[in-house]
Amino acid sequence: MLSQLKQKIERKEAVIGVIGLGYVGLPVAAVFAQTGFQVIGVDIKAERVNLINQGVCPIEGEEPGLADLLAEVAGAGKLQATTDYQDLSQADVILIDVETPVDDNHQPQYVALKAACRALGAVLREGALVIVESTIAPGTMDRVVGPLLAEANGRGINEGFYLGACPERVMPGKLLANLRQMSRVCGGSTPEIAELMVALYRHIVAADLDVADCVTAELVKTTENAFRDVNIAFANEVALICEAVGGDVWRVRELVNKSPGRNMHFPGAGVGGHCIPKDPWLLAYGAQGQLDLSLIPAARRVNNQMPLHMVDLLQSALETQGIALSQARVAVLGYAYLENSDDTRNTPSAVLVERLRAAGAEVRIHDPWVAEYEGDLLDCVRGCDAAVLMVAHTAYKTVDLIEIGAIMRTPVLIDGRHLFSLSQVNAGNFVYRVIGRGS
């Protein structure tokens, strides 16, 4: 059966199913369809399914090529979306791309993953290959995915169906580019299945495809995001030290990185998105009860604190003008977690806004990519006592700070991304605070 499936994949005769048509699943479904495969996408949101079948991209923000690609493959009938898992009964390969969040206690919440496995297992055809692209804690394939599929399907792993893990490596703003150009780890439940996965992904990935087992694939993805989180936390802590001693973290970072082998990350107003705030906890969860971890939890605490530090900077700047935070009108610039994206998952701006409102401040929000907040920027800042820059959207880089400062009630500017130059700030006569620069 395995050799027959490989032949179907090589000839592009295999039908590919994709469960979850969000930031990960929709691009991968569209690219496989463009390559020549027949693709069936499943999503629980009927509105999203209808848009996709009409060739309309439900993902906004700056995503080069995605809208055109979706229109092309949907129009050609190569990608069809549905809410009915029964349609996957004809699929030879099924990719699972559902959310895998953690709760307030940092425990994985696999509600969507478990539901997908149960629904898929009930219709899974004999000899099909199931690949989990979602990011999951080490050991999840063995402890959760495999048993649920086997129970629902009535057949054993590598007897009635095949199983693998190939975690995605995409980010908003670069979905198609990352999908095609980033290397992937093809973790199979056997070496033969890992090689079969390589044959599949070679149709769409131009970078390295490395074979591994499932737990290695799980470890690599969670480790790479935990690595980034820890390094951002280091940069943020250095930024706080610079503020305390009167230094400039941006100059410090520049000079540190001139030393060979150094790559100090950017500090900033907080870490958001679906991956970095949760994946370190997924990595840690894999060893729960066996190890007492220190570094990963500490990094999470540092990064979670940064939006609250923005409040401290704001309060300090307002006090120089004799304004209490409870009496201030504040414009928050940027609500997505990432520049030029509409993705608001785990956005640091939400933490900032909640704290400001709890302190009694009047809050206005602007974001050119988030529909709820995409109004006129000048209307948002007019009459405000302060503006807090949380996201480095391209649209903010070219704003006229002289005009902005002139229409504010009090020209206070808090820069959480080091977006503005001192010459811009001085031209607008702002009281200015930036992450990582002491007074």
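That block above? That's the structure.
My aim in this report is to walk through the structure given alongside it, one point at a time.

Analysis parameters
Residues numbered from 1 in each chain as written. Predicted model: local features only at pLDDT ≥ 70, side-chain atom pairs only at ≥ 80, totals over all residues. Heavy atoms only, no water. Pairing = 2+ DSSP bridges. Helix = DSSP H or I, 4+ residues; strand = E, 2+ residues; numbered from the N terminus. Axes fitted to C-alpha atoms, helices over the stretch in contact; angles between N-to-C directions. Contact = heavy atoms within 4.5 Å. Core = buried A, V, L, I, M, F, W, Y, C linked by side-chain atoms within 4.5 Å. Buried < 20%, exposed > 50% of the residue type's maximum accessible area, 1.4 Å probe, protein only. Polar contact = N/O pair within 3.5 Å; in protein donor to acceptor, adjacent residues only side chain to side chain. Right-handed = clockwise from strand over helix to strand, strands pointing away. Phe/Tyr/Trp six-rings, centres within 6.5 Å; stacked < 30°, edge-to-face > 60°. Lys NZ or Arg CZ within 6 Å of the ring centre and 35° of its normal. Salt bridge = Lys/Arg side-chain N within 4 Å of Asp/Glu carboxyl O.

So, on to the sheet that holds strand β6 (residues 161-165). The mixed open sheet is built from eight strands, whose spatial order is β3-β2-β1-β4-β5-β6-β7-β8. Across the chains shown, the open sheet's two edge strands, defined by having one partner strand only, are β3 (79-82) and β8 (209-213). Recorded for the sheet is a direction-independent mean angle of 25° between the axes of neighbouring strands. With respect to the sheet, helix α8 (residues 191-201) is in contact with β1 (15-19), β4 (93-96), β5 (128-132), β6, β7 (184-188) and β8, its orientation differing from that of β7 by roughly 140°.

Counting 59 residues, the largest nonpolar core has Met310, Leu314, Leu356 and Phe420 as the members making the most contacts within it. Setting aside residues no more than four positions away along its own chain, leucine 356 makes contact with Val311, Leu314, Leu325, Val330, Val332, Ala361 and Val363. Ranked by size, the runner-up nonpolar core spans 48 residues in total, among them Ala30, Ala74, Leu95 and Tyr162.

Here we come to the side chain of aspartate 43. Residue position: aspartate 43 is located in the loop between β2 (38-42) and α3 (46-53). A distance of 2.9 Å separates a polar side-chain atom of aspartate 43 from the backbone nitrogen of leucine 21. From its side chain, aspartate 43 meets the backbone nitrogen of lysine 45 in a polar contact 2.9 Å long. In this view, aspartate 43 contacts Gly20, Leu21, Gly22, Arg48, Val49, Thr82 and Thr83; residues no more than four positions away in its chain are not counted.

The next subject is the pairing of β5. Counting buried residues along β5, five of its five residues qualify, which places the element largely inside the surrounding structure. Because side chains alternate across β5, one face comprises the buried residues Ala128, Val130 and Val132, and the other comprises Leu129 and Ile131, equally buried. Pairing of β4 with β5, which is carried by four bridges, proceeds in the parallel orientation. For isoleucine 96, the partnering residue across the bridge sits in β5 and is valine 132. Regarding topology, helix α5 (residues 111-123) serves as the crossover connection from β4 to the parallel β5, and that connection is right-handed. As paired strands, β5 and β6 are joined by five bridges and run parallel to one another. Looking across to β6, one finds that leucine 129 is bridged to tyrosine 162.

Evaluation of the coordinates by the stated rule reveals four aromatic pairs. On the numbers, 5.6 Å between centres and 85° between planes, the contact of phenylalanine 32 with phenylalanine 37 is edge-to-face. Measuring from ring centre to ring centre gives 6.4 Å for tryptophan 250 and phenylalanine 266, while their planes differ by 35°; the resulting arrangement is tilted. Linking tryptophan 250 in helix α10 (residues 249-256) with phenylalanine 266 in the loop between α10 and α11 (279-285), this pair joins segments that are 16 residues apart in sequence. Its relative accessible area of 54% is what places phenylalanine 266 among the exposed residues. Here the aromatic residues Phe32, Phe37 and Tyr201 are joined through ring pairs into a cluster of three or more. In this structure, arginine 253 packs its charged tip against the face of phenylalanine 266, placed 3.7 Å from the ring centre.

This brings us to the sheet that holds strand β13 (residues 431-434). Taken in spatial order, the five strands line up as β10-β9-β11-β12-β13 in an open sheet, and their pairing is parallel. This sheet does not close on itself; its edge strands, each paired only once, are β10 (362-366) and β13. Each adjacent strand pair in this sheet contributes to an overall mean axis angle of 15°, direction not counted. Relative to β13, strand β12 (residues 412-415) runs parallel, the two being bridged by four bridges. Bridging from a neighbouring strand, valine 412 pairs with valine 431 of β13. Of the strands in this sheet, β9 (329-333), β11 (386-389), β12 and β13 are in contact with helix α12 (residues 295-319), which crosses β12 at around 155°. Sheet contacts for helix α13 (residues 348-358): β9, β10 and β11; angle to β10, the most-contacted strand, approximately 160°.

Next up on the list: unusual backbone geometry. We note that lysine 12 has phi near 60°; this positive angle belongs to a residue other than glycine. Note on placement: lysine 12 falls in the loop between α1 (2-10) and β1.

Taken as a whole, this structure holds 16 salt bridges when the rule is applied. Aspartate 229 serves as the salt-bridge partner of arginine 300, at 2.7 Å between the closest nitrogen and oxygen. With arginine 300 in helix α12 and aspartate 229 in helix α9 (residues 214-245), this residue pair connects regions lying 71 residues apart in the sequence. The class of arginine 300 is buried, set by a relative accessible area of 2%. Linking aspartate 248 and arginine 437 is a salt bridge whose minimum nitrogen-to-oxygen distance equals 3.2 Å. With aspartate 248 in the loop between α9 and α10 and arginine 437 in the segment after β13, this residue pair connects regions lying 189 residues apart in the sequence.

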